[in-house]
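Listed below, chain by chain, are the residues.
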Amino acid sequence: MKKFMALLLSAAMLLSGCGILKSNKGSETAATSGISTKYASKLFDTSYVHKINIKINASDWSDLLKNPTKKTKYKADVTIDGETVDKVSFSTKGNTSLSSIASSDSSDKYSFKINFGKYIDDQTYYGLNKLNLNNIYADATYMKDYISYQISQKAGVDSPLTSFIQVTVNGKAQGLYLALEDVSESFLARTNGGNGELYKPETQQLNNVGNTNSKKNETKQSGMTPPDQNSSSNNQMSPPSGGFKDGDSVKSGNNGNGKMGFGSEDKGASLKYTDDKIDSYSDIFNNAETDSSKKNEKTVIASLKGLSEYLGDTSSTDLDKYVDTSSVIKYFAAHNFVMNYDSYTGSMLHNYYLYEKNGKLSMVPWDYNLAFGAFQGGGGMGGGRPGDNKTQTGTTNNTAKQDQSGITNNTAKQDQSGTTNNTAKQDQSGITNNRAKQTQSGNSQGLNATQIVNYGIDTPLSGAEGSDRPMWSWITSNDKYLQEYHETYNKLLKTYFESGDFEKEVDRVAKMIRPYVEKDTYAEYTVSQFDTAVKTLKSFCTKRAESIRKQLDGTISTDTSKQNESTRVDASDINIQSMGSQGRDKKEQK
């Protein structure tokens, strides 16, 4: 990061304030160190569908199609909305989606990554150093990621920018994609003036370690990836026969600290403090997005230690020294609204960025194609259900007390054992242990839509205990932070959902992209399925907002295990899988 900022400063001095360089084809590369970067208003203008053509040597393109999982970097020229940038790095990206498309006989619609400055030093696209082109995998709505990031932004979270983009390769249609700002140097320049350090924690088996997206692993090849969920092979992960019982999770490795990530020991991705050794946190530091030093890494460890000490005794430590509490609260409010369990709140321990600045930690959202119940309601890997953990918050009595603001204050009171008692029996919430039971919502696997829509905002974990997710559990450990969390929801509901802005945005985007969906060369879903999926997304989110409002005013408990079925928002008309899911044959989908 220091090197990047020095280059920005020298470029700015050379340009004497003009801030741009002209390439030989008339494209501009921004040399900016401020919050305002030109790419934000150009490529990420969401009012229209952008266009990009990748000009790549025919033999290189053929090699990419034959060996997509190698993630080889090829030289290419890209033309974005009529402006060309020469000699960029072009490669495939992804894990599960990449392996799924690679094993498909009917699609070559891979996700791609473009690095504008790989071969020409300091070259950017109006300040953007890297661009992701997401193939909108397993998403019949075409906008799960887009809407999730919109919700995060509305909640006040620094989130990657997005827009829709039509991709062609050597002039041949590749389909409709989502352009996604890379969370790296440009993101930091736009959101934090280029300051701070970024990491992308991920357990070793999920293997962002060695991914070409990481600074410290640029030259390594990707290794082990999660089972291909679109495959019918024996590698596919599925819930155990008879469904998940309370406290169950996807089989995971363990280093003595409880439930961890998929198939591997937790080496820091849970953000738990274990000791002062840098090697104990390889899931974090081997996935650095910036040029972090040993000093930076020790700062992160000290912050995790401070968080651990706070959770041990909330009166002993000033948490605000170690965690950007306001930012993290906003992150979880948005994250828990969209219900993505292929993440930190699930059993997978990935799909988020850790940001450190001046010793304070915060989180950046990432990868939401399995949001809105897709991961938990069928078609995902599973891993238990929200609310079924033995102790999510270390609380047993979430007493609903309405304060002067009209927002329910569910005060966390810990009993002598420090644990809750979530039995495997059916309780007032109407939740049973049989995940495989056919439900009214049409989900052949997982929980029904009513249960998903009404998940308690104070018990959002799935397949994990609160003690294993310290970056979440501190919020419910203190009345002040819990109240701020609820107030964040109150504002989000008022400004985006109850105002009608959410539905207007979904309708606008659907109308804008529908012609491109119809012409999408490798579309996984028909236009009719797209139309249905969009209606379902609107219904899901409006009902989710209605449930959260009732949770805030005390009508519905914020603890899933304490909810009364009769007070829940009815979502039995929603089929979660109609919004798209993994693990289904494409012929069946169409």
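All residue numbers here refer to positions counted from 1 along the written sequence of the relevant chain. Selection of residues for local features in this predicted model requires a pLDDT of at least 70, selection of side-chain atom pairs for listing and counting requires 80 or more, and totals for whole chains, interfaces and linings are taken over all residues. Hydrogens and water are ignored here; the side-chain numbers use all heavy atoms of the structure.

### Side note on the overall build of the protein
Here is step 1 of the chain: Of regular secondary structure, the protein possesses 15 helices and 14 strands.
Here is step 2 of the chain: Summary of the burial criterion: residues with accessible area below 20% of their type's maximum are buried, those above 50% are exposed, and those between are partly exposed, where the area comes from a 1.4 Å probe applied to protein chains only. Out of the 590 residues belonging to the protein, those deemed buried represent 61%.
Here is step 3 of the chain: Throughout, a contact is declared for two residues whenever any of their heavy atoms are within 4.5 Å. In the protein, of all internal contacts separated by at least 6 residues, the share reaching a separation of at least 24 is 72%.
Here is step 4 of the chain: Accessibility throughout is a Shrake-Rupley quantity obtained with a 1.4 Å probe, and a residue counts as covered only by protein chains that appear here. As displayed, the protein offers around 22,200 Å² of accessible surface, 45% of which is attributable to carbon and sulfur atoms. The way it works is that DSSP assigns letters per residue, a run of H or I at least four long becomes a helix, a run of E at least two long becomes a strand, and they are numbered from the N terminus.

### Here we look at the sheet that holds strand E11 (residues 352-357)
Here is step 1 of the chain: In short, DSSP must find at least two bridges between two strands for them to pair. With antiparallel pairing, 3 strands are arranged side by side in an open sheet as E10-E11-E12. Edge strands, defined here as strands with exactly one partner in the open sheet, are strand E10 (197-199) and strand E12 (360-365). Each neighbouring strand pair of the sheet contributes to a mean axis angle of 25°, computed without reference to strand direction.
Here is step 2 of the chain: Where helices are involved, their axes are fitted lines through C-alpha atoms of the stretch in contact, as for all axes, and angles between N-to-C directions lie from 0 to 180°. Sitting on the sheet, helix H9 (residues 325-338) is in contact with E11 and E12, with an inclination near 25° to E12.

### Re the pairing of strand E4 (residues 74-80)
Regular strands show a simple pattern: their side chains alternate between the two faces of the sheet.
Here is step 1 of the chain: In terms of burial, E4 is largely enclosed, as 5 of its 7 residues are buried.
Here is step 2 of the chain: Note: strand E3 (residues 50-56) against E4, 5 bridges, orientation antiparallel. Directly across from isoleucine 56, in E4, lies its bridge partner alanine 76.
Here is step 3 of the chain: Relative to strand E5 (residues 83-93), E4 runs antiparallel, the two being bridged by 6 bridges. Within E5, the position partnered with isoleucine 80 by the bridge is glutamate 83.
Here is step 4 of the chain: Here E4 hands over to E5 after 2 residues, with aspartate 81 in that stretch at a positive phi of 50°.

### With respect to the sheet that holds strand E9 (residues 172-181)
Here is step 1 of the chain: Judged by pairing direction, the barrel is mixed, and its 7 strands sit side by side in the order E3-E4-E5-E6-E7-E9-E8 before closing back on the first. For this sheet, the mean inter-axis angle between neighbouring strands, taken without regard to orientation, is 40°.
Here is step 2 of the chain: Against the sheet, helix H13 (residues 501-519) makes contact with strand E8 (162-169) and E9, and its axis sits at roughly 10° relative to E8, the strand it touches most.

### Considerations on the pattern of salt bridges
Here is step 1 of the chain: Counted as salt bridges are all cases of a side-chain nitrogen of Lys or Arg within 4 Å of a carboxyl oxygen of Asp or Glu. In this structure the tally under the stated criterion is 12 salt bridges.
Here is step 2 of the chain: Here lysine 113 and aspartate 182 are joined by a salt bridge, their closest N and O atoms 2.6 Å apart. Linking lysine 113 in strand E6 (residues 111-115) with aspartate 182 in the loop between E9 and helix H6 (185-192), this pair joins segments that are 69 residues apart in sequence. Per residue, the accessibility class of lysine 113 equals that of aspartate 182, and both read buried.
Here is step 3 of the chain: As a salt-bridge pair, aspartate 573 and lysine 543 come within 4.0 Å of each other at their nearest N and O atoms. Highlighted residues: aspartate 573 in the loop between helix H14 (527-552) and helix H15 (586-589) and lysine 543 in helix H14, separated in sequence by 30 residues.
Here is step 4 of the chain: The exposed category is assigned to aspartate 573, whose relative accessible area is 59%.

### A short note on unusual backbone geometry
Here is step 1 of the chain: At tyrosine 126, a residue that is not glycine, the phi angle is positive and equals roughly 50°.
Here is step 2 of the chain: Topologically, tyrosine 126 is positioned in the loop between E6 and strand E7 (130-134).
Here is step 3 of the chain: The backbone of asparagine 170 sits at a positive phi, close to 50°, despite the residue not being glycine.
Here is step 4 of the chain: Examined against the element boundaries, asparagine 170 turns out to sit in the loop between E8 and E9.

### Digging into the packing of aromatic side chains
Ring pairs (aromatic) are described by centroid distance and by the angle formed between their planes.
Here is step 1 of the chain: Centres within 6.5 Å make a pair out of two Phe, Tyr or Trp rings, where for Trp the six-membered ring is used; the pair is then stacked when the planes are under 30 degrees apart, edge-to-face when over 60, and tilted otherwise. Following the criterion strictly, the structure yields 25 aromatic pairs and no others.
Here is step 2 of the chain: Where tryptophan 474 meets tyrosine 481, the ring centres are 5.0 Å apart and the plane angle is 85°; that geometry is what we call edge-to-face.
Here is step 3 of the chain: On the basis of relative accessible area, tryptophan 474 is assigned to the buried category, the value being 0%.
Here is step 4 of the chain: Taken together, Tyr331, Phe332, Tyr344, Tyr352, Trp472, Tyr485 and Tyr489 form an aromatic cluster joined through their ring pairs.
Here is step 5 of the chain: Sitting over the face of the ring of tyrosine 177, lysine 109 holds its NZ or CZ atom 5.3 Å from the ring centroid. Geometrically, a charge over a ring is one whose NZ (Lys) or CZ (Arg) sits within 6 Å of the ring centre while staying within 35 degrees of the ring normal.

### Some points on the pairing of E7
Here is step 1 of the chain: Of all the 5 residues making up E7, 5 are buried; the element is thus mostly covered by neighbouring parts of the structure.
Here is step 2 of the chain: Neither face of E7 is left uncovered, since the one carrying Lys130, Asn132 and Asn134 and the one carrying Leu131 and Leu133 both have all their residues buried.
Here is step 3 of the chain: Relative to E7, E6 runs antiparallel, the two sharing 4 bridges. Each bridged residue has a counterpart across the sheet, and for lysine 113 the counterpart in E7 is asparagine 132.
Here is step 4 of the chain: Pairing of E7 with E9 involves 4 bridges; the strand directions are antiparallel. Residue asparagine 134 lies in a different strand from E9, and its bridge partner there is leucine 178.

### So, the nonpolar core
Proteins that are soluble and globular tend to have nonpolar side chains buried together.
Here is step 1 of the chain: Here, nonpolar core means buried Ala, Val, Leu, Ile, Met, Phe, Trp, Tyr and Cys residues that are tied together by side-chain atoms lying within 4.5 Å of each other. Met143, Phe164, Met471, Trp474 and Ile513 are the most contacted members of the largest nonpolar core, which totals 99 residues.
Here is step 2 of the chain: Ranked by the residues each element gives to this core, the list is headed by H14, at 9 residues.
Here is step 3 of the chain: If sequence neighbours within four positions are ignored, isoleucine 513 has contacts with Val49, Thr141, Tyr142, Met143, Phe164, Leu176 and Phe530.
Here is step 4 of the chain: Within the second largest apolar cluster, 34 residues are counted, among which are Leu43, Tyr74, Ile114 and Val169.

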